[in-house]
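Tertiary structure, described
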Amino acid sequence: MSHLRVRLLTLAACAVVALAATRASAQVADHQYTSADIEAGSRLYANQCALCHGPNGDGINGIDLRRGVFRRSVSDDDLARVISTGIAAAGMPSFRFQPVELTAVLAFIRAGFDPSGTAVKVGTPGRGQALFAGKGACASCHRVNGAGPRTAPDLSDIGAIRTPSTLQRSLVNPTSAMLPINKPVRAVTKSGTTIRGRRLNEDTYTVQLIDDQERLVSLIKADLREYEVGKTSPMPPATAVLSSGEIADVLAYLLTLKGGL
Ligand code: HEC
Ligand code: HEC
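The paragraphs below set out a description of the structure included in this document. (Residues numbered from 1 in each chain as written. Chains lettered and ligands numbered in written order. Predicted model: local features only at pLDDT ≥ 70, side-chain atom pairs only at ≥ 80, totals over all residues. Heavy atoms only, no water.)

Let's shift gears to the pattern of salt bridges. Close approach of charged atoms lets side chains of opposite charge pair. All told, the structure shown has ten salt bridges when counted by the stated rule. For the salt bridge of Glu 228 with Arg 186, the shortest nitrogen-to-oxygen distance reads 3.5 Å. Within this pair, whereas Glu 228 is found in strand S7 (residues 224–229), its partner Arg 186 is found in strand S3 (residues 184–189), the two being separated by 42 residues in sequence. Owing to a relative accessible area of 43%, Glu 228 belongs among the partly exposed residues under this scheme. (Salt bridge = Lys/Arg side-chain N within 4 Å of Asp/Glu carboxyl O. Helix = DSSP H or I, 4+ residues; strand = E, 2+ residues; numbered from the N terminus. Buried < 20%, exposed > 50% of the residue type's maximum accessible area, 1.4 Å probe, protein only.)

Here's what the structure looks like:
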């Protein structure tokens, strides 16, 4: 008996070490669910949820689990609460899942129902909003709902136009997620003035940008001596100032920004 217990303890210790090693090897593992979670969740979903929510997650009016459209929930905690306690009056049953099963179902939903996709964790929007204005210093560059500078893209509707995993990539590795239109530009006029800024629009002959003084500038390309589009994002990675849990909170806040939609 005690013999067996010692062996079990050793096994458990090995598992913990192995888990820690996997975590360390994958750079963003802390803010993501594992592919094993997603796959397990896919099976649980098919067995327990698809009956009502449908194979694509849009079987119930106003809810699209695959696309992350919920009536009330925003954070992963909200979803976990709904699944564990149900919404009896509305016909959503409660499920007595083990923590690993609950994690798996959340992972599958956050992966957009793609067993080989990535599933990012979504924290608490209220905390994220405080971090956006405070420690994360996001508000020093970004504008939201009419407040803040124009040097960086306005994020007022970002939650309606980007997925959680795209947003997460913007936060963790801004350069890798930078859209062509958001690339920084540097222009030198024939008279020798250098203008740096963010493109708003560009066609064959002209370019409109917001310069680093937040002025709207329109340039005729024929009048420029140099015109260069940068490849590196001016945005510092959020990982420089925020922990992975804090990034999940900021992500939750961004998902609530839907431009009044
Ligand atoms: C018997 C049918 C049924 C089953 C089975 C079921 N649901 Fe639901 N679920 C519902 C209904 C109905 C609602 C809508 C409740 C409402 O009016 O907001 C709902 C709502 C939800 C919501 C939305 C919460 C929000 O904030 O809007 C989530 C998330 C959810 N279900 C997840 C699941 C998961 C995960 C499973 C499987 C583990 C599951 N459901 C199984 C019927 C079901
Ligand atoms: C020094 C200024 C600066 C700071 C600080 C900054 N950003 Fe940015 N951010 C930018 C610029 C410039 C871009 C456009 C280039 C790019 O996409 O990387 C951008 C892009 C983004 C995008 C992608 C927009 C899109 O259209 O997809 C998101 C999301 C974002 N930032 C969120 C944040 C959050 C959240 C923080 C705080 C943790 C933050 N930023 C801090 C300057 C900044």
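This brings us to the packing of aromatic side chains. Under the definition given, this model contains five aromatic pairs. Ring centres 5.5 Å apart and planes at 45° place the aromatic pair Tyr 45 and Phe 108 in the tilted group. On the criterion of sequence distance, the pair formed by Tyr 45 in helix H2 (residues 35–48) and Phe 108 in helix H5 (residues 99–110) is long-range, its members being 63 residues apart. We classify Tyr 45 as buried; its relative accessible area is 3%. Here Phe 108 falls in the buried class, since its relative accessible area comes to 6%. Ring-pair connections join several aromatic residues into one group, and the members of that group are Tyr 45, Phe 108 and Phe 113. It is Lys 121 that lies over the ring of Tyr 33; its NZ or CZ is 5.3 Å from the centre. (Phe/Tyr/Trp six-rings, centres within 6.5 Å; stacked < 30°, edge-to-face > 60°. Lys NZ or Arg CZ within 6 Å of the ring centre and 35° of its normal.)

Distances from the iron atom of ligand 1 to its protein donors, His 53 (NE2) and Met 92 (SD), fall within 2.0 to 2.1 Å. What the six donor atoms of the iron atom of ligand 1 show is an angle range of 87 to 178° at the metal, which sorts the shape as octahedral. You can see His 53 sitting in helix H3 (residues 50–53) and its partner Met 92 sitting in the loop between helix H4 (76–85) and H5, a full 39 residues away along the chain. Here His 53 and Met 92 have matching classes, each one buried. (Donors = N, O, S within 2.8 Å, 3.2 Å for Na, K, Ca; no water. Tetrahedral: all angles 85-135°; square planar, octahedral: opposite > 155°, others 65-115°.)

Now for the sheet that holds S7. As summarised here, the arrangement of the five strands in space is S6-S5-S4-S3-S7, forming an open sheet in which the pairing is antiparallel. The sheet terminates laterally at strand S6 (216–220) and S7, the two strands that pair on one side only. Taken over all neighbouring pairs, the strand axes of this sheet differ in orientation by 40° on average, direction set aside. Examined bridge by bridge, S3 and S7 share five bridges and lie antiparallel to one another. Looking across to S7, one finds that Val 188 is bridged to Glu 226. (Pairing = 2+ DSSP bridges. Axes fitted to C-alpha atoms, helices over the stretch in contact; angles between N-to-C directions.)

Once that is clear, we can look at the coordination of the iron atom of ligand 2. Bound to the iron atom of ligand 2 on the protein side are His 142 (NE2) and Met 235 (SD), at distances that span 2.0 to 2.1 Å. Here the iron atom of ligand 2 is ringed by six donor atoms whose angles at the metal span 87 to 179°, and the overall shape comes out octahedral. Here His 142 is found in the loop between helix H6 (125–133) and helix H7 (158–161), whereas its partner Met 235 is found in the loop between S7 and helix H10 (244–256), with 93 residues between them in sequence.

Here H10 is 13 residues long and its end C-alpha atoms lie 19 Å apart, about the 18 Å a rise of 1.5 Å per residue gives. Of all 13 residues in H10, ten are buried, a share of seventy percent or more. Within the span of H10, buried status applies to Glu 246, Ile 247, Ala 248, Asp 249, Val 250, Leu 251, Ala 252, Tyr 253, Leu 254 and Leu 255. Where the residues of H10 are buried, they touch strand S2 (119–120), H6, H7 and helix H8 (164–172). (Expected span 1.5 Å × (residues − 1). Contact = heavy atoms within 4.5 Å.)

Attention now moves to the site of ligand 1. Taken together, 22 residues lie around ligand 1, and Cys 49, Cys 52, His 53, Arg 71 and Met 92 are the ones closest in. At 2.8 Å, a side-chain N or O of His 53 approaches a nitrogen atom of ligand 1. In the environment of ligand 1, an oxygen atom lies 2.4 Å from a nitrogen or oxygen atom belonging to the side chain of Arg 71. Listing elements by their share of the shell around ligand 1, those giving two or more residues are H3 and H4. With three residues, H4 is the single largest residue contributor to the shell around ligand 1. Of the residues assigned to the shell around ligand 1, the class counts are 16 nonpolar, four polar and two charged. (Near = heavy atom within 4 Å. Polar contact = N/O pair within 3.5 Å; in protein donor to acceptor, adjacent residues only side chain to side chain. Nonpolar A, V, L, I, M, F, W, Y, C, P; charged D, E, K, R; others polar.)

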